[in-house]
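# Remarks on the overall topology
What follows is the residue order along each chain.
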Amino acid sequence: MDKIVVRGKHIGWGSLSPVLLVLAILMNNTFIHGVTWGTIVLHSEPAARAIGLLALSGSIILAWVFPKDLFAKGTQMVFKILGGLLLAVIFFILVGEILRF
């Protein structure tokens, strides 16, 4: 079986990382009438959160284990941006707490 190659990068397991990232976002952050999409599909909020967490961790693992695949680099950039935003929020919260006293 021949590999699918686009611009020198092949579509392998790392190319599933953006799919899992979108699934994690859909499971936990998409609200329909006040209920998450994962709760509607699975009929259980803890199961929806667990599946979303597994999808997110799988996306992170696939993006870093297979960095040469087609969509893995873009997913790594998304994670770096989200991590930077999280660090900025934590920084501003800590500065606000220090300046409050």
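Read on for an overview of the structure. In every chain, residue numbers begin from 1 and rise along the written sequence. Residues qualify for local features only when their pLDDT is at least 70, as the model is predicted, and side-chain atom pairs are given and counted only at 80 or more; totals for whole chains, interfaces and linings, by contrast, use all residues. Excluded from the side-chain calculation are hydrogens and water; included are all heavy atoms of the structure.

### Topic: unusual backbone geometry
Of note in the backbone geometry, His33 takes a positive phi value of approximately 55° without being a glycine. Helical segments are the DSSP runs of H or I of at least four residues, strand segments are the runs of E of at least two, and each set is numbered from the N terminus. Structurally, His33 is set in the loop between strand S3 (31-32) and strand S4 (35-36). Burial classes: relative accessible area under 20% of the type maximum marks a residue as buried, over 50% as exposed, and values in between as partly exposed (1.4 Å probe, protein chains only). His33 gets classed as exposed once you look at its relative accessible area, which sits at 80%. For His43, which is not glycine, the phi dihedral falls at a positive 60°. The residue His43 is located in the loop between helix H2 (37-42) and helix H3 (45-65) in this model. Overall, His43 belongs to the exposed group, its relative accessible area being 71%.

### Notes on the pattern of salt bridges
By definition, a salt bridge exists where a carboxyl oxygen of Asp or Glu is found within 4 Å of a side-chain nitrogen of Lys or Arg. What the rule picks out here adds up to 2 salt bridges. Salt-bridge contacts for Glu45 lead to Arg49; the nearest nitrogen and oxygen are separated by 3.2 Å. Of this pair, Glu45 and Arg49 are both found in helix H3, 4 residues apart, which corresponds to roughly one turn of the helix. On the accessibility criterion, Glu45 (41% relative accessible area) is partly exposed. As a salt-bridge pair, Arg100 and Glu97 come within 3.2 Å of each other at their nearest N and O atoms. Taken together, the residues Arg100 and Glu97, both in helix H4 (residues 72-100) and 3 residues apart, mark about one turn of the helix. Accessibility expressed as a relative area gives 35% for Glu97, which makes it partly exposed.

### Some points on the side chain of Ser17
Checked against the element boundaries, Ser17 lands in helix H1 (residues 17-29). At 3.2 Å, the side chain of Ser17 forms a polar contact with the side chain of Thr75. Aside from chain neighbours lying at most four places away, what touches Ser17 is Ser59, Leu62, Ala63, Phe71, Ala72 and Thr75. Throughout this description, a polar contact denotes any pair of N or O atoms lying within 3.5 Å of each other; where both atoms belong to protein, one of them has to be capable of donating a hydrogen while the other can accept it, and for residues adjacent in sequence the pair is counted only when both atoms sit in side chains. Here, two residues are considered to be in contact whenever any of their heavy atoms come within 4.5 Å of each other.

### A closer look at H1
With 13 residues, H1 extends 18 Å from end C-alpha to end C-alpha; this agrees with the ideal 18 Å at 1.5 Å per step. Taken as a whole, H1 has its buried residues at Ser17, Leu21, Ala24 and Met27. Axial view of H1: buried residues confined to an arc of 130°, hence all on one face. Buried residues along H1 sit against S4, H2, H3 and H4. Residue count minus one, scaled by 1.5 Å, sets the expected span of a helix. Taken from the helix axis, the directions to the C-beta atoms give the arc we talk about.

### A word on the packing of H1 against H3
The interhelical angle for the contact between H1 and H3, taken along N-to-C directions, is 155°, at an axis separation of 8 Å. The orientation of H1 with respect to H3, classified from their angle, is roughly antiparallel. In the crossing of H1 with H3, the sense of the turn from one axis to the other is left-handed. Counted together, Ser17, Leu20, Leu21, Leu23, Ala24, Met27 and Asn28 of H1 and Ala48, Arg49, Ile51, Gly52, Leu53, Ala55, Leu56, Gly58, Ser59, Leu62 and Ala63 of H3 form the full contact between these two elements. Only Asp, Glu, Lys and Arg are considered charged in this grouping, and only Ala, Val, Leu, Ile, Met, Phe, Trp, Tyr, Cys and Pro are considered nonpolar; every other residue, Gly among them, is considered polar. Residues of the contact of H1 with H3, tallied by class, amount to 12 nonpolar, 5 polar and 1 charged. Between the N-to-C directions of two axes lies an angle of 0 to 180 degrees, each axis being a line fitted to C-alpha atoms and, for a helix, fitted only over the stretch in contact. Oblique is the label for every angle not falling under 35 degrees (roughly parallel), over 145 degrees (roughly antiparallel), or within 65 to 115 degrees (roughly perpendicular). Take the far helix as your reference; a near helix turned counterclockwise from it by less than a right angle gives a left-handed crossing, and one turned clockwise gives a right-handed crossing.

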